[in-house]
Amino acid sequence: MVRIAVIRFPGSNCDLDVVHVLKNVLGVEASLVWHKEFKALGYDGVVLPGGFSYGDYLRSGAIAARSPALEHVKVMVDNGLPVLGICNGFQILVEAGILPGALLPNENLKFICKWVYIRCDNGWTAFTWGIPEGKVLYIPIAHKEGRYFSDEAELERLSRKRMIVFRYTDQKGEAVPEANPNGSIRNIAGICNEKGNVLGLMPHPERASEELLSPSGSADGLLLFKSMAEYVKR
Amino acid sequence: MVSSKLRKVPEGVSLTSKEVAWIRRKLGREPNPVEWGMFDIMYSEHCSYKSSRPVLKILPSKGPRVIVGPGYDSGIVDLGDGYVAAFKVESHNHPSAIEPYNGAATGIGGIVRDILCVGARPVALLDSLRFGSLQSPHSRWLFRYVVKGIADYGNCIGVPTVAGEVEFDRSFEKNCLVNVACVGIAKKEDIILAEFKHPGDIIVLVGGSTGRDGIHGVTFASKTLSEESEADRPAVQIGDPFMKKLLIEAVLEALKTGFVSGVKDLGGGGLTCATSEMSAKGGVGVEINLDRVHVREAEMNAYELMLSESQERMLFAVKPEGLKTVLEVFEKYEIPYSVLGKVVEGGLLKADFKGETVVNVPAELVARAPVIRRKARKPPAVQEKLKASKPSQPENLQKAFLELLSSQNIASREWVYRQYDHEVGVRTVVKPGDGDAAVLRLIDVPKAVAVTFDANSRHSALDPFNGHAGALAEAARNLVCVGAEPLAYTDCCNFGNPEKPEVFWQFKQGIEGLALMSKGLKIPCVGGNVSFYNEDEETGLAVKPTTTIVMVGLIEKLDHITSMGLKEAGDALIMVGTTLPEMGGSEYYHEILKFDGGEPPKASVRKEKATIKTVLKAIRKGFVKAAHDCSKGGLAAALAVMAVKGKLGLNVNLERIPSLKIGRLDELLFSESYARVLLEVPKRKVERVLKIASKNGASASQIGEVSDREAFTLKFKGKPVVDCSLSELEEAWLTPLPKALEGTPA
């Protein structure tokens, strides 16, 4: 049985949603773990859910990134286990230095909650190996600090090492400026580490994992969790 | 004999002389300054409902689905399968008018606590906002920051903001209305009430520390706004959504221990309100020690501790044997708490501070202010306005139509709801802007809850009775349009100064209108909130009478969920309900003809019942692909929204619209008659739907069809009245709010 931990920091608010999808929709074993009690041992994978950890005081994800739980997350990263950071979880991974770059305030300086199209550009990560490259997914975003940024040298490395996993696109899969909701550099919506076992993304796959909830009647987000579970089994 | 020196009431206390005499007589002695302060806030209109209580009594509050009715923190209705929905509405008008960001944010904070207090998990927020014209920089400032306050707070605590409304009218220029509502879901056996019941229970104050903020917030909310109101800014509380999120999880976890016998939030009236109301409800007394309150400011005195309205605080009654277990939950979440005292026999509210008893009064006397019977008088100006002669019809109706779509009260609200996380919680099936009501599925059973927030200030200003009855009916229609059966509602009354007989007349008329429709449709009222004194002292201008209605409905089968966007070319469009020349208070008169008179729509229980039954039946039979109620902007605006949302065109023959006494095309297009709904139905089901309508006594007919051409065409006897492209509609409807708010300085 696949065992996945979903870490609850004070202020996490998508934790129960991820547990619901893993348990009730996908049928894997998922535990909600209070951050102080989180240990790497005993889990096949971990999800850092969205929300406002520590109220996003200081900077989004900055305080959680320095909590002891992240030391255990790093052990899992090094052991090649799948580590998924969604929204605030992505911000935490970036703040912790596990993923490169930074997440800046959206271009319009407002919170944006919207269903968007993203294209899968790397089908070889722990979370996308069940997704054909080039496939366009329909998934909502909900954030205020989601504008991905890094310098040219880093972007070059991201490209070369195929670390850009998701880009904001139009429905046809073109990464045009109009399809970029927050001003992210090169329309980046999600990136992975070099090994491909860590993924951080701003869109919320757990909100797009059941047909009932999607305006298009798809369940594209579930593909990420399915891949994660399959990756563990393999 | 008490000396005359002692008989002086402390300065700043706004009790009436009758109330002062009543308190002295009942208490049998002179209250001390702390006690005077407590009576002062608890006898304020905001806490006591002393003017409104005798009127609100006429609303029906019982029904087979009602579990908890008015008088508690939230109304609760039965959803079946062991689940209940708790919901509550509250106004935060006064604080938002002077400090829009924190005023609105703490409104959300307060309403969430009301839901938590009954043991339910908050799953949805709604907001109903009213401002002056968008042309006014002051109103834009209020609007921007109220929305930002709601977004920042609601998004952080992880409760989706799923529905609401915004209306602009000059009467709200100084006095904006910010009404917020929250819906919670719980298992029936987990419901708890805000009462002290068992003597011996330990009283624990949990959450944010107590400071001097918000002292006398409720007395401030019980007077009109004036130049000096700016000086009242310290009376606005400051929110901390992060602490609130911790509180939500901690409270729900603490309740699960089974050792909590009552919880209440500390909102308006602070510790005074919570201790007195919980004791009075349970028929017991309470003893607390104010030295134990965890504070954020040094040297606070007893008066400040009893009256502070610092946010994010809750009061618990805990069984002594479980105290340790419950406190461990708060420690886990690192939430500060203090053990203040205990529940005792008798009915006295007693507080000690620095070795002295500083409060010793019957809780009942503090919690239940005597009612005031206010005078009501019909304002003479109303009659003239109703009878004013009609303005003439403009030549170019297409131009008028597009202008109306762009007008501030009809244009798309996307600018607002994009800023709200409306998805968190993975329950939101019908999202903001996609249907007449928001739909939230239940996670554990295949059912859903629908919720809507409605009012109509312009109709009510001309005719509060019909305007209020119509708003209630509109809420019911909105629920039915998404496939839900209306269960119950809660109302938030926003009026001017009730001491003015003309204002009180509006209030009485409004509530009588609600009562009529509520009884007629058999939808009970399970709670509410009253906000008076929404009036500008300098100009004497009161807000238009506005009672906002939050109504909750149940969707028995997920297949019944219906949205409003058109779905498929070739389908038929059916109009249910009759259009009459009821143009008074319409957006068309106001925006296009610049006319504020005329007869507003009349509410009819019989017609509403017929329409509601027809629509619900047709949806449950599976015949309906899209449904939308006709309200602001009339039939024409409703059709346009269905087209834009579905990205499909349509053809309508206006002569087929069921109507009565209509003499002009603009009346047919823009009348805001009640009891009307548009349906998209597959062609082969048209006869079946018309049959359902005739069986239920509703007039209905097929008025046109959905087309895959990008054209939106409304013809009268073959001649086009409106003929435009979908992109013209999109431009007219989608862009006005961003243009007004992004293109202008703050």
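A. Structural view of the overall build of chain A. Scanning chain A from terminus to terminus reveals six helices and 11 strands. Taking 17 Å as the expected radius of gyration for a compact globule of 234 residues, we find that chain A reaches 16 Å, a close match to that expectation. In terms of principal-axis extent, the alpha carbons of chain A reach across some 45 × 35 × 30 Å. Within chain A, the proportion of its 234 residues that are buried is 57%. Contacts in chain A between residues far apart in sequence, at least 24 positions, make up 76% of those at least 6 positions apart.

B. Structural detail: the overall build of chain B. Helices and strands together make up the secondary structure of chain B, namely 26 helices and 26 strands. Expected size for 746 residues packed as a compact globule is a radius of gyration near 27 Å; at 26 Å, chain B falls within 12% of this value. If one aligns the C-alpha atoms of chain B with their principal axes, the spans along those axes are about 90 × 55 × 50 Å.

C. Representation of the nonpolar core within the structure. Residue and element names in this part refer to chain B. Ranked by internal contacts, the top residues of the largest apolar core, which has 327 residues, are Ala124, Ala450, Val451, Ile574, Val615, Ala640 and Leu679. Shared between two domains, this core holds at least three residues of each, these being domain 1 (59–367) and domain 2 (564–746). Dropping the residues within four chain positions of it, Val451 is found in contact with Ala124, Leu126, Ala163, Val183, Ala437, Ala438, Val550 and Val552.

D. Structural context of the pairing of strand 10 (residues 188–192) of chain A. Residue and element names in this part refer to chain A. The buried fraction of strand 10 is high, at five of five residues. Sheet topology note: the strand 9 (residues 164–169)/strand 10 ladder contains three bridges and is antiparallel. When the sheet's bridge partners are listed, Ile164 is paired in strand 10 with Ile191. Judged from the three bridges that link them, strand 10 and strand 11 (residues 198–201) form a sheet pairing that is antiparallel. Considered in strand 11, the bridge of Ile191 is made with Gly200.

E. Quick peek at helix 18 (residues 464–481) of chain B. Residues and elements named next belong to chain B. The end-to-end C-alpha distance of helix 18 is 25 Å, a good match for the 26 Å that 18 residues give at a rise of 1.5 Å each. Burial runs high along helix 18: 18 of the 18 residues are buried. At the C-terminal side of helix 18, Gly483 shows a positive phi close to 100°.

F. Structural context of the domain arrangement of chain B. Its domain assignment divides chain B into domain 1 (59–367) and domain 2 (564–746). Placing the centre of domain 1 of chain B and that of domain 2 of chain B at their C-alpha centroids yields a distance of 41 Å.

G. View of the sheet that holds strand 2 (residues 75–80) of chain B. Residues and elements named next belong to chain B. Pairing is mixed across the open sheet formed by six strands, whose spatial order is 1-2-3-6-4-5. Strands with a single pairing partner mark the edges of an open sheet, and in this sheet they are strand 1 (66–68) and strand 5 (161–168). Between one strand axis and the next, the sheet turns through 25° on average, direction left out of account. Sheet topology note: the strand 1/strand 2 ladder contains two bridges and is antiparallel. Within strand 2, the residue paired with Val68 across the bridge is Ile76. Seen against the sheet, helix 7 (residues 137–157) touches strand 4 (121–131), strand 5 and strand 6 (177–187) and runs at an angle of roughly 180° to strand 4.

H. A look at the packing of helix 6 (residues 100–116) of chain B against helix 7 of chain B. Residues and elements named next belong to chain B. Contact geometry of helix 6 with helix 7 gives a least axis separation of 7 Å together with a crossing angle of 40°. Crossing handedness for the pair helix 6 and helix 7: right-handed. The segment helix 6 lies against helix 7, with Pro100, Tyr101, Asn102, Gly103, Ala104, Ala105, Ile108, Gly109 and Val112 engaging Leu142, Tyr145, Val146, Lys148, Gly149, Ile150, Asp152, Tyr153, Gly154 and Ile157. In terms of residue class, the contact of helix 6 with helix 7 is built from 12 nonpolar, five polar and two charged.

I. Broad picture of the interface of chain B and chain A. On the side of chain A, 23 residues touch chain B, which itself brings 24 residues to the contact. At the level of elements, helix 7, helix 9 (241–256) and strand 14 (428–430) of chain B are the ones that each hand at least two residues to the side of chain B that touches chain A. In terms of residue class, the side of chain B that touches chain A is made up of 13 nonpolar, six polar and five charged.

J. Local environment of the sheet that holds strand 26 (residues 719–725) of chain B. Residue and element names in this part refer to chain B. As summarised here, the arrangement of the seven strands in space is 21-23-20-24-22-25-26, forming an open sheet in which the pairing is mixed. Strands at the two margins of the open sheet, each flanked by one partner only, are strand 21 (626–629) and strand 26. Pairs of neighbouring strands in the sheet enclose a mean axial angle of 20°, with direction left out of account. With four bridges connecting them, strand 22 (residues 649–653) and strand 24 (residues 700–707) associate as antiparallel partners. Bridged to Val652 within strand 24 is Gly704.

K. Representation of unusual backbone geometry within the structure. The phi torsion at Leu58(A) lies on the positive side, around 75°, for a residue other than glycine. Looking at the secondary structure, you find Leu58(A) in the loop between strand 3 (45–48) and helix 2 (62–65). Take Leu58(A): there are 11 C-beta atoms within 10 Å of it, and that puts it in the exposed class. Within the chain, Asp81(B) stands out as a residue other than glycine whose phi angle is a positive 55°.

L. Spatial organisation of the environment of Gly37(B). Tracing the sequence through the fold places Gly37(B) in helix 2 (residues 33–42). Once residues within four sequence positions are removed from consideration, Gly37(B) is found in contact with Tyr303(B), Met306(B) and Leu307(B).

M. Local environment of the packing of helix 18 of chain B against helix 21 (residues 605–620) of chain B. Residues and elements named next belong to chain B. At a minimum axis separation of 9 Å, helix 18 and helix 21 run at an interaxial angle of 10°. Classed by the angle they form, the pair helix 18 and helix 21 counts as roughly parallel. Contacts between helix 18 and helix 21 involve Ala473, Ala476, Arg477, Val480 and Cys481 from the first element and Glu608, Thr611, Ile612, Val615 and Leu616 from the second. For the contact of helix 18 with helix 21, the residue count by class is seven nonpolar, one polar and two charged.

N. Geometry of the confidence of the model for chain B. Residue and element names in this part refer to chain B. Here chain B averages 94 in pLDDT, and 95% of its residues register 70 or above. Confidence over residues 1–5 falls short of pLDDT 50; this stretch has two contacts with residues more than four positions distant or in other chains. ipTM for the predicted complex: 0.97, alongside a pTM of 0.95.

O. Broad picture of the pairing of strand 21 of chain B. All names here are of chain B. Here strand 21 shows two buried faces, one formed by Ala626 and His628 and the other by Ala627 and Asp629. Sheet analysis places strand 21 next to strand 23 (residues 677–681), joined by four bridges and oriented antiparallel. Counted as the bridge partner of His628 is Leu678 from strand 23.

P. Summary view of the environment of Thr128(A). Residue and element names in this part refer to chain A. Locating Thr128 in the fold gives a position in the loop between strand 6 (112–120) and strand 7 (136–143). Taking the C-alpha atoms as reference points, Thr128 and Gly196, separated by 68 residues in sequence, lie 9.4 Å from one another. Dropping the residues within four chain positions of it, Thr128 is found in contact with Cys120, Asn122, Gly123, Val165, Leu224 and Ser227.

About the cut-offs
- Residues numbered from 1 in each chain as written.
- Chains lettered and ligands numbered in written order.
- Predicted model: local features only at pLDDT ≥ 70, side-chain atom pairs only at ≥ 80, totals over all residues.
- Helix = DSSP H or I, 4+ residues; strand = E, 2+ residues; numbered from the N terminus.
- Rg over C-alpha atoms; globule rule 2.2 N^0.38 Å.
- Buried ≥ 20, exposed ≤ 12 C-beta atoms within 10 Å, placed from the backbone.
- Contact = placed C-beta atoms within 7 Å.
- Core = buried A, V, L, I, M, F, W, Y, C linked by C-beta atoms within 7 Å.
- Domains from an automatic or database assignment.
- Pairing = 2+ DSSP bridges.
- Expected span 1.5 Å × (residues − 1).
- Axes fitted to C-alpha atoms, helices over the stretch in contact; angles between N-to-C directions.
- Left-handed = near helix turned anticlockwise from the far one by under 90°.
- Nonpolar A, V, L, I, M, F, W, Y, C, P; charged D, E, K, R; others polar.
- Parallel < 35°, antiparallel > 145°, perpendicular 65-115°, else oblique.
- pLDDT = per-residue confidence, 0-100.

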